[in-house]
Amino acid sequence: MTAKVIDGKAFAAKVRAEVATHVARLKDETGIQPGLAVVLVGEDPASQVYVRNKHASTIEVGMASFEHRLSPETGEADLLALIDGLNADPKVHGILVQLPLPGHLNSELVINRIDPSKDVDGFHISNVGLLGTGQKSMVPCTPLGCLMMLRDHHGKLAGLNAVVVGRSNIVGKPMAQLLLGDSCTVTIAHSRTKDLAEVCRRADILVAAVGRPEMITGDMVRPGATVIDVGINRIERDGKTKLVGDVHYESAAAVAGAITPVPGGVGPMTIACLLANTLTACCRANGLAEPEGLTA
Ligand code: NDP
């Protein structure tokens, strides 16, 4: 079997186009423009690229983008005061603090200062609790993107066996909650799981969020399974730097029914879902109907 390739780049473009259509209609009918504020503390090169991409994508869909670039020495009190100001600003519907923060800042404290209804990353403890109890929340962008692709590919997910490899708070755990919300039978695997290959082979849906290059190989994939590769790893191969996932693509694609590539799979969906979350937050803040298909 050769797997169907789930094209995350094309899917993300479709989601961004849908968001843009909703934003245009919202502005037309109500005069409201959704706005996203991104806060970057310090000069981490990767974070700078992410923030630049987020700004460009926000403008592209017709939203307002508010960038706050702070020096690496910014104190906690100043950062919290900025967040308080953004929480109170009616033009700002979504707030994202780019992680990781410099070591002297307490990330948990900072994230939990964001108004949960503006927490478009879905990391605030209230949103974590709401998701865990199956209530309406802001959902972390990467797992939301995975869920959208899975729903698009499978239609209904109910009753499918899902295995999520990785139990981080930003990917593995919320991914498992979302799949449970769609009535999958969910197993979460991690570094202490016994016989990982055997656990993975039970999966109709296999999500890899590990951070170890090409760790999931074809012999760990059940024939016909859908494989979602969240991993982004830079490796040196044949003298070149290459981007690979947590799944060994060639061997897994030979067995799976469908698979996301790296790059061009889950990655592009993350920013698309950030925009979708900002639109959702704006609609909720203004008591308007939420766009269908863009939330969990
Ligand atoms: P973390 O490092 O926070 O978590 C990794 C998880 O993998 C942990 O739960 C760990 O288990 C588990 N793990 C590590 N080694 C093994 C092993 N040998 N067998 C089974 N499980 C193992 O990573 P993240 O969740 O933040 O990210 C995972 C990957 O996804 C990374 O490659 C990251 O770059 C990528 N990513 C991609 C995004 C995108 O937009 N596409 C967004 C976010 C992340 P334990 O808890 O026991 O230590």
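Residues numbered from 1 in each chain as written. Predicted model: local features only at pLDDT ≥ 70, side-chain atom pairs only at ≥ 80, totals over all residues. Heavy atoms only, no water.

S.K.: Can you help me understand the packing of helix 6 (residues 141-154) against helix 7 (residues 172-181) in this one?
M.R.: Helix packing geometry: the angle between the two helix axes and the distance between the axes. Closest axis-to-axis distance for the helix 6/helix 7 pair is 9 Å, and the angle between their directions is 35°. Relative to helix 7, helix 6 is oriented so that their crossing is right-handed. Contacts between helix 6 and helix 7 involve P143, L144, C146, L147 and L150 on the former and, on the latter, P174, M175, L178 and L179. (Axes fitted to C-alpha atoms, helices over the stretch in contact; angles between N-to-C directions. Helix = DSSP H or I, 4+ residues; strand = E, 2+ residues; numbered from the N terminus. Left-handed = near helix turned anticlockwise from the far one by under 90°. Contact = heavy atoms within 4.5 Å.)

S.K.: Sorry if this is basic, but what is going on with the packing of helix 1 (residues 8-30) against helix 10 (residues 266-285) here?
M.R.: Relative to each other, helix 1 and helix 10 sit at 20°, their axes nearing to 8 Å. Between helix 1 and helix 10, the interaxial angle falls into the category roughly parallel. When you trace helix 1 past helix 10, the crossing you get is left-handed. For the pair formed by helix 1 and helix 10, the contact residues are G8, K9, F11, A12, V15, R16, V19, H22, V23 and L26 on the first element and P268, M269, A272, L275, A276, L279 and C282 on the second. (Parallel < 35°, antiparallel > 145°, perpendicular 65-115°, else oblique.)

S.K.: Would you mind showing me how to read the pattern of salt bridges here?
M.R.: Where charged atoms from two side chains of opposite charge come close, those side chains can pair. Summed over the entire model, instances satisfying the criterion amount to ten salt bridges. Notably, a salt bridge pairs R16 with E60, separated by 3.8 Å at the nearest N-O pair. Taken together, the residues R16 in helix 1 and E60 in helix 2 (residues 45-60) connect sequence positions 44 residues apart. Take R16: its relative accessible area is 25%, and that puts it in the partly exposed class. Judged by relative accessible area, which is 58%, E60 ranks as exposed. (Salt bridge = Lys/Arg side-chain N within 4 Å of Asp/Glu carboxyl O. Buried < 20%, exposed > 50% of the residue type's maximum accessible area, 1.4 Å probe, protein only.)

S.K.: Is there a simple way to explain the domain arrangement of the protein chain in this structure?
M.R.: Accessible area lost on assembly of the parts is the figure often given for the size of an interface. The assigned domain composition of the protein chain is domain 1 (30-117) and domain 2 (141-268). For domain 1 and domain 2, the distance between their C-alpha centroids amounts to 29 Å. (Domains from an automatic or database assignment.)

S.K.: I'm lost on the site of the ligand in this one. Help?
M.R.: If you check the shell around the ligand, you find 23 residues, and the closest are R167, S168, S191, I232 and T270. Here an oxygen atom of the ligand sits 2.7 Å away from a polar atom, N or O, in the side chain of R167. Contact distances for the ligand include 2.5 Å between an oxygen atom and a side-chain N or O atom of S191. Here the ligand has 930 Å² of accessible area as a free molecule, and 70% of this is covered by the chains. In terms of residue count, helix 10 provides more of the shell around the ligand than any other element does, three residues in total. When its residues are assigned to classes, the shell around the ligand shows ten nonpolar, ten polar and three charged. (Near = heavy atom within 4 Å. Polar contact = N/O pair within 3.5 Å; in protein donor to acceptor, adjacent residues only side chain to side chain. Areas by Shrake-Rupley, 256 points an atom, 1.4 Å probe, with all protein chains shown as cover. Nonpolar A, V, L, I, M, F, W, Y, C, P; charged D, E, K, R; others polar.)

S.K.: Sorry if this is basic, but what is going on with the nonpolar core here?
M.R.: Soluble globular proteins tend to pack their nonpolar side chains together in the buried interior. One finds V19 and L179 to be the most contacted residues of the largest nonpolar core, which totals 54 residues. For this core, the secondary-structure elements that each account for two or more residues are helix 1, strand 2 (35-41), helix 6, strand 5 (161-165), helix 7, strand 7 (205-208) and helix 10. Take this core: its biggest share by element is eleven residues, from helix 10. Shared between two domains, this core takes at least three residues from each, and those domains are domain 1 (30-117) and domain 2 (141-268). Ranked by size, the runner-up nonpolar core spans 21 residues in total, among them A3, V165, V199 and C200. (Core = buried A, V, L, I, M, F, W, Y, C linked by side-chain atoms within 4.5 Å.)

S.K.: Would you mind showing me how to read the sheet that holds strand 3 (residues 64-70) here?
M.R.: Sheet strands associate in pairs through backbone hydrogen bonding, adopting either a parallel or an antiparallel arrangement. Taken in spatial order, the three strands make up an open sheet running 3-2-4, and their pairing is parallel. In this open sheet, the two edge strands, each paired with only one partner strand, are strand 3 and strand 4 (94-97). Going across the sheet, the axis of each strand differs from the next one's by a mean of 15°, ignoring polarity. Most of the contacts of helix 3 (residues 76-88) go to strand 2, to which it runs at about 175°, and overall it touches strand 2, strand 3 and strand 4. (Pairing = 2+ DSSP bridges.)

S.K.: What is the right way to read the environment of T21 from this model?
M.R.: Along the chain, T21 falls in helix 1. One polar contact links the side chain of T21 to the main-chain carbonyl oxygen of A17, over a distance of 2.9 Å.

S.K.: What is the right way to read the pairing of strand 7 from this model?
M.R.: In summary, the side chains of a regular strand alternate between the two faces of the sheet. The alternating pattern of strand 7 places I205 and V207 on one face and L206 and A208 on the opposite face, and all of these are buried. As judged from the four bridges shared by strand 5 and strand 7, these two strands associate in the parallel manner. Each bridged residue has a counterpart across the sheet, and for A162 the counterpart in strand 7 is I205.

S.K.: How should the side chain of S47 be read in this particular structure?
M.R.: Note that S47 resides in helix 2. A polar atom in the side chain of S47 sits 2.8 Å from the side chain of D44. Apart from the residues lying within four places of it in its own chain, the contact partners of S47 are L40, Q98, L99 and P100.

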